[in-house]
Amino acid sequence: MVAIGRGAPYAAVVVQTVKAIYPGSFDPLTNGHLDLIARGAKIVDHLVVAILRNAQKHALFTVAEREEMLAEATREMGNVSVATFDGLLVDFAQEQQAQAVLRGIRAISDYEYEFQMAMMNRKLAPQVETIFMMPGEKYSYVSSRLVKEVFQLGGDVDGLVPPLVLERLKARVAPEKH
Ligand code: PNS
C-alpha cells in the first residue's frame, strides 16, 4: 500500500493499493513459481496469478486443472488470487486495474525474452510496469517444460513441484514409469 499525502498530519492522505498480475502457462505449477508468488505477494497488496487460456498443443493439464492446483497451492496466501485470461496480457492487466506485471528471471538466459516482452507490453500499455524478481537459487534450473519431460521419462521430480502437483503427475503419466 502506498500512502500519498502532503503536509501531514492535516492534509488528506490518498491510499493507493498496488495490484500485480503474475502471468504464465503453469503447466504444471512448480516450486519455482510458488517461490516467486510468495516473494511477489510480500511486495504488492494483491497478486493475481493468471493462467494463459490459449489452446496449447502439448499441454499436460487442462486450464481448469492448472487453476485448481494453483488455487490449492496458494490457499493460505491471503492476498493471492488465481484467474485465467486470453488475448493480450496488458488488456487483462488493465481490466483488472493492475499497475504491474510480475515475471521471474531465473538466469541471464531468461533475460532476453523477458526484456522483449516487457518492452512490447510497455509499448502497448505504458502505464503497466513490469517487475522482475528472482526465485530462490535452488529453483534456478526448474522449469515446467523440464519437469514434464523428466517425469514422463521416469525421472524423480520430488522437491521441484508441490506434493499436490506430484500426485496429479503420477495420476496423469503412465504408472509403469513411476
Ligand atoms: O509461462 P510462460 O509460458 O513463459 O508465459 C508466457 C506469457 C503467458 C506471459 C506470455 O505468452 C503472454 O503474456 N501471453 C499473452 C499474449 C500476449 O500478451 N502476448 C504479447 C506479449 S509481449
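Structure shown above.
These numbers come from a predicted model, not from an experiment.

Procedures and definitions
Residues numbered from 1 in each chain as written. Predicted model: local features only at pLDDT ≥ 70, side-chain atom pairs only at ≥ 80, totals over all residues. Heavy atoms only, no water. Near = heavy atom within 4 Å. Polar contact = N/O pair within 3.5 Å; in protein donor to acceptor, adjacent residues only side chain to side chain. Helix = DSSP H or I, 4+ residues; strand = E, 2+ residues; numbered from the N terminus. Nonpolar A, V, L, I, M, F, W, Y, C, P; charged D, E, K, R; others polar. Pairing = 2+ DSSP bridges. Axes fitted to C-alpha atoms, helices over the stretch in contact; angles between N-to-C directions. Contact = heavy atoms within 4.5 Å. Parallel < 35°, antiparallel > 145°, perpendicular 65-115°, else oblique. Salt bridge = Lys/Arg side-chain N within 4 Å of Asp/Glu carboxyl O. Buried < 20%, exposed > 50% of the residue type's maximum accessible area, 1.4 Å probe, protein only.

With respect to the site of the ligand
Point 1. Taken together, Pro23, Gly24, Ser25, Leu52, Phe85, Gly87, Leu88, Leu89, Arg103, Met117, Met120 and Asn121 make up the full set of residues adjacent to the ligand.
Point 2. The backbone of Leu89 places a nitrogen or oxygen atom 2.8 Å from an oxygen atom of the ligand.
Point 3. At 3.0 Å, a side-chain N or O of Arg103 approaches an oxygen atom of the ligand.
Point 4. For the shell around the ligand, the elements supplying multiple residues, two or more each, are strand E3 (19-24) and helix H4 (108-124).
Point 5. For the shell around the ligand, the leading source of residues is H4, giving three residues.
Point 6. A class-by-class count of the residues in the shell around the ligand yields seven nonpolar, four polar and one charged.

Description of the environment of Pro126
Point 1. Tracing the chain through its elements places Pro126 in the loop between H4 and strand E7 (129-133).
Point 2. Separated by 36 residues in the primary sequence, Pro126 and Val90 place their C-alpha atoms 9.6 Å from one another.

Examining the sheet that holds E7
Point 1. As summarised here, the arrangement of the five strands in space is E5-E4-E3-E6-E7, forming an open sheet in which the pairing is parallel. Two strands bound the open sheet, and with one partner strand each, they are strand E5 (80-85) and E7. Neighbouring strand axes in the sheet, compared pairwise and without regard to direction, differ in orientation by 30° on average.
Point 2. Of the pairings in the sheet, the one linking E3 to strand E4 (residues 46-52) comprises six bridges and is parallel in character. In the sheet register, Ile21 faces E4, and the bridge partner there is Val48.
Point 3. The sheet strands contacting helix H1 (residues 31-43) are E3, E4, E5, strand E6 (100-104) and E7, and the helix crosses E7 at an angle near 125°.

A few points about the packing of helix H2 (residues 63-73) against helix H6 (residues 163-172)
Point 1. The geometry of H2 relative to H6 is characterised by a closest axis approach of 10 Å and an angle of 155° between their N-to-C directions. Regarding the angle of H2 to H6, the classification is roughly antiparallel. Counted together, Glu65, Glu68, Met69, Glu72 and Ala73 of H2 and Leu164, Val165, Arg168 and Arg172 of H6 form the full contact between these two elements.
Point 2. Considered class by class, the residues forming the contact of H2 with H6 number four nonpolar, no polar and five charged.

Section: the pattern of salt bridges
Point 1. Per the stated rule, a full pass over the model turns up 11 salt bridges.
Point 2. Across the pair Glu68 and Arg168 runs a salt bridge, and its minimum N-O distance is 2.7 Å. One end of the pair, Glu68, is in helix H2; the other, Arg168, is in helix H6, and 100 residues separate them in sequence.
Point 3. Of the residues examined, Glu68 reaches a relative accessible area of 44% and is grouped as partly exposed.
Point 4. Judged by its relative accessible area of 27%, Arg168 falls in the partly exposed class.
Point 5. Across the pair Glu149 and Arg145 runs a salt bridge, and its minimum N-O distance is 3.8 Å. Of this pair, Glu149 and Arg145 both sit in helix H5 (residues 144-152), four residues apart, which is roughly one turn of that helix.
Point 6. The exposure class assigned to Arg145 is exposed, which follows from its relative accessible area of 56%.
Point 7. The network of salt bridges with common partners includes Asp27, Arg66 and Lys148.

Some points on unusual backbone geometry
Point 1. In the segment running from Asp27 into Pro28, the intervening peptide bond is cis, with an omega of 0°.
Point 2. The residue Pro28 is located in the loop between E3 and H1 in this model.
Point 3. Of note in the backbone geometry, Gln97 takes a positive phi value of approximately 55° without being a glycine.
Point 4. Mapped onto the elements of the fold, Gln97 is located in the loop between helix H3 (89-95) and E6.

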